[in-house]
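Here is what each chain is made of, one letter per residue.
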Amino acid sequence: MRKKMTKADIVAKISEKLGLEKTDVQATVESFMEEVKNSLETGDNVYLRGFGSFIIKTRAEKTGRNISKNTTIKIPAHNIPAFKPAKVFVESVKTKTEIAV
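Here is a short report on the structure shown in this document. Predicted, not measured: the structure shown is a model, and the values here were computed from it. (Residues numbered from 1 in each chain as written. Predicted model: local features only at pLDDT ≥ 70, side-chain atom pairs only at ≥ 80, totals over all residues. Heavy atoms only, no water.)

Spatial ordering of the open sheet is given by β1-β2-β5, a layout of three strands whose pairing is antiparallel. Each edge of the open sheet carries a strand with a single partner, namely β1 (46-48) and β5 (78-85). With strand direction ignored, the average angle separating the axes of adjacent strands in the sheet is 30 degrees. As paired strands, strand β2 (residues 52-59) and β5 are joined by eight bridges and run antiparallel to one another. Across the sheet, residue R59 finds its bridge partner in β5, namely H78. Helix-sheet contacts for helix α2 (residues 22-41) involve β1, β2 and β5, and the interaxial angle to β2 is about 35 degrees. (Pairing = 2+ DSSP bridges. Helix = DSSP H or I, 4+ residues; strand = E, 2+ residues; numbered from the N terminus. Axes fitted to C-alpha atoms, helices over the stretch in contact; angles between N-to-C directions. Contact = heavy atoms within 4.5 Å.)

Right under this line is the structure:
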């Protein structure tokens, strides 16, 4: 079973590693996430070399079903945020993690 890492865990690790106050690290992490979100909301992708890209993907219009009413509905085209990891990142995860069963 895989472990889960939360924002609090990330803040604690960075704080411990750099010797900074947790409140300062938390403010930095939250500012980073806010800037990524704001950039995507304004239509800009965010590229972090060696880590990955936060990008906007466009989903085409499609037909869906409302199973409770047994009717067909139209789902309009829309944008969604996505993360695309860098090749270096993908290779690192492939070689350094065990396969979960």
